[in-house]
Amino acid sequence: MNSTFFMQEAINEALKADPNQVYPNPLVGCVIVKENKIISRGYHKKFGENHAEVNAIKSIKKPIDNAELYVTLEPCAHFGKNPPCSNTIIESNLFKKVIIASPDPNEKAMGGIDNLRKSGIEVVVGKLNDSAKKINPRFFTFFEKRRPYVILKFARTDDGFIARSDGSSKWITEKDARKDVHITRSGCDGILVGRKTIEKDNPSLDSHGIGRDPRIIILSSRNFSNTFKIMHKNPIIFSRNILKKTFKDNIKIILDTLFKENVQSLLVEGGEKTISSFIKSGYYDEIHEYISPKKFGYGIPFFGDGDFEKVRLSLDLVEEFSFKSDIKRIYKRKCLRD
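So, a few notes on the structure that sits alongside this text. Just so it is clear, the model here is predicted, and its values are computed rather than measured.

### What to know about the overall build of the protein
Scanning the protein from N- to C-terminus turns up 12 helices and 15 strands. With respect to the three principal axes, the spread of C-alpha positions in the protein is 70 × 40 × 35 Å. A total of 338 residues make up the protein; the buried ones form 50% of that total. Carbon and sulfur atoms form 48% of the exposed surface of the protein, whose accessible area is close to 16,800 Å². Within the protein, the 43 negative side-chain charges are centred at a point lying 3 Å from the centre of the 57 positive side-chain charges.

Structure follows, in structure tokens:
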């Protein structure tokens, strides 16, 4: 066995957790190795509970020394819900070497690497770094790019329309596809729509009881009546007084604000103008496309003023599956910018 194998095992441990249970923390896994054999494993199971390193140390079945600890993220150096993991590793007196996949991008948590080295433990950083970061794209996007991880979602007809010419769109997809959207909502911190979506559909924009409800963000040039459902949910509203620049600059303003509001992931469910603006700006990470077999013949396209086939060239189709009537495609950007 080599170090690559052991770090991959640590990544596999991390993936055992439910991201919604761990949030706002990332998925983290750990394995402890002695004489080229894994003798203990652990992962972070739930926010507020023990971190991966602590669980792995507590799972050791017999006395050891001079062992190696593999962990997917830099052990924390701050007091939060738990004491610093780097302190626990040092005080255990069990380890001669710690191998870390990724440094922690969160300024509040970083410092574990320095603590371990100062204690005399050998530290290696960067083993399977890219693979480890891929299991926590929202976490790393938020702290490294200082903005939410952005998912664009739209439902379209087979001939490419998200609504009829009068703006009506209920319902393009069937219940099972709509339930899948509610699941996605429950895993996001915020949901963003434009004014027209509110006025046309008066949506609740919640998870329909599946999980936690995202915070509602609205782009609007005017105030809303209290008759709309979302007005009783303390939405964040971006108005013309705030958004005065180009669509790209405006989206940057929105994302900067949401970063300060600790919105780690954002689901954009707006209409053609909102979705198109985000695509053109480049400030997005995934696209969730729901395709219905229905045809409108004419109506409002899902991507205005441009050729979406060209956009597809910059995307990787990472998942596709079918519901009873509809299809869902998930795309991720090949080369993330900003």
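### A closer look at the state of the cysteines
Across all of its chains, the model carries 0 disulfides by this definition. The closest cysteine sulfur to the non-disulfide-bonded C30 is located on C85, 9.2 Å from its own sulfur. Here C30 falls in the buried class, since its relative accessible area comes to 0%. C85 takes part in no disulfide bond, and the closest cysteine sulfur, belonging to C76, lies 3.7 Å away. A residue is classified by how much of its surface remains accessible, and C85, at 2% relative accessible area, is buried.

### Examining the pairing of strand β5 (residues 122-125)
Sheet analysis places strand β4 (residues 95-102) next to β5, joined by 4 bridges and oriented parallel. In the sheet register, K97 faces β5, and the bridge partner there is E122. In this view, the connection linking β4 to its parallel neighbour β5 by way of helix α5 (residues 112-118) has right-handed handedness.

### Observations concerning helix α8 (residues 175-186)
Spacing of three or four residues puts side chains on the same side of an α-helix, whose turn is 3.6 residues. In a regular helix each residue adds 1.5 Å, so 12 residues correspond to 16 Å; α8 covers 17 Å between its end C-alpha atoms and thus fits that length. Turning to α8, its buried residues number three or more, namely A177, R178, D180, V181, H182, T184, R185 and S186.

### Topic: the packing of aromatic side chains
Applying the stated criterion to the full structure yields 8 aromatic pairs. The interplanar angle of 70° and the centroid separation of 5.5 Å between the aromatic rings of F5 and F6 together place this pair among those described as edge-to-face. Take F5: its relative accessible area is 32%, and that puts it in the partly exposed class. Between F321 and F323 the ring centres are 5.3 Å apart and the planes differ by 70°, which places this aromatic pair in the edge-to-face class. The exposure class of F321 is partly exposed, given its relative accessible area of 27%. Put simply, the rings of F139, F140, F142, F143 and F259 touch in pairs and so form one group of aromatic residues.

### Some points on the environment of I60
Locating I60 in the fold gives a position in the loop between α3 (52-58) and β3 (67-73). Residue classification places I60 among the buried positions, given a relative accessible area of 19%. As for I60 and S40, which are separated by 20 residues in sequence, their C-alpha atoms are 5.5 Å apart. In this view, I60 contacts I32, S40 and L94; residues no more than four positions away in its chain are not counted.

### Quick look at the sheet that holds strand β15 (residues 327-333)
Taken together, 8 strands build an open sheet; the order of strands is β10-β9-β8-β11-β6-β12-β15-β14 and the sheet is mixed. Strands with a single pairing partner mark the edges of an open sheet, and in this sheet they are β10 (236-238) and β14 (315-322). Along the sheet, successive strands turn relative to each other by an average axial angle of 20°, direction set aside. The pairing of strand β8 (residues 190-194) with strand β9 (residues 215-219) spans 5 bridges and is parallel. Bridging from a neighbouring strand, I191 pairs with I216 of β9. Most of the contacts of helix α10 (residues 247-260) go to β10, to which it runs at about 155°, and overall it touches β6 (149-156), β8, β9, β10 and β11 (265-268). Where helix α11 (residues 272-281) meets the sheet, it contacts β6, β8, β9, β11 and β12 (286-291), and its direction lies at approximately 135° from that of β6.

### Concerning helix α7 (residues 137-145)
Turning to α7, its buried residues are F139, F140, T141 and F142. Residues of α7 that are buried sit in contact with β3, β4, α6 (129-134), β6 and α10. Trailing α7 by a residue or two, R146 shows a phi angle of about 55°, which is positive.

### Quick look at the side chain of D206
Among the structural elements, D206 can be located in the loop between α9 (195-201) and β9. Using a relative accessible area of 17% as the deciding quantity, one classes D206 as buried. Engagement of the side chain of D206 in a polar contact is seen with the backbone nitrogen of H208, the distance being 3.1 Å. Ignoring sequence-local partners within four residues, the contact set of D206 consists of H182, R185, D213, P214 and K233.

### Describing the environment of A14
On the secondary structure map, A14 appears in helix α1 (residues 3-14). On the accessibility criterion, A14 (0% relative accessible area) is buried. Between the alpha carbons of A14 and C30 there is a distance of 7.4 Å; along the sequence they are 16 residues apart. Setting aside residues no more than four positions away along its own chain, A14 makes contact with L27, V28, G29, Y43, T72 and I135.

Criteria and thresholds
Residues numbered from 1 in each chain as written. Predicted model: local features only at pLDDT ≥ 70, side-chain atom pairs only at ≥ 80, totals over all residues. Heavy atoms only, no water. Helix = DSSP H or I, 4+ residues; strand = E, 2+ residues; numbered from the N terminus. Buried < 20%, exposed > 50% of the residue type's maximum accessible area, 1.4 Å probe, protein only. Areas by Shrake-Rupley, 256 points an atom, 1.4 Å probe, with all protein chains shown as cover. Lys, Arg positive; Asp, Glu negative; His and termini not counted. Charge placed at Lys NZ, Arg CZ, Asp CG, Glu CD. Disulfide = S-S within 2.5 Å. Pairing = 2+ DSSP bridges. Right-handed = clockwise from strand over helix to strand, strands pointing away. Expected span 1.5 Å × (residues − 1). Phe/Tyr/Trp six-rings, centres within 6.5 Å; stacked < 30°, edge-to-face > 60°. Contact = heavy atoms within 4.5 Å. Axes fitted to C-alpha atoms, helices over the stretch in contact; angles between N-to-C directions. Polar contact = N/O pair within 3.5 Å; in protein donor to acceptor, adjacent residues only side chain to side chain.

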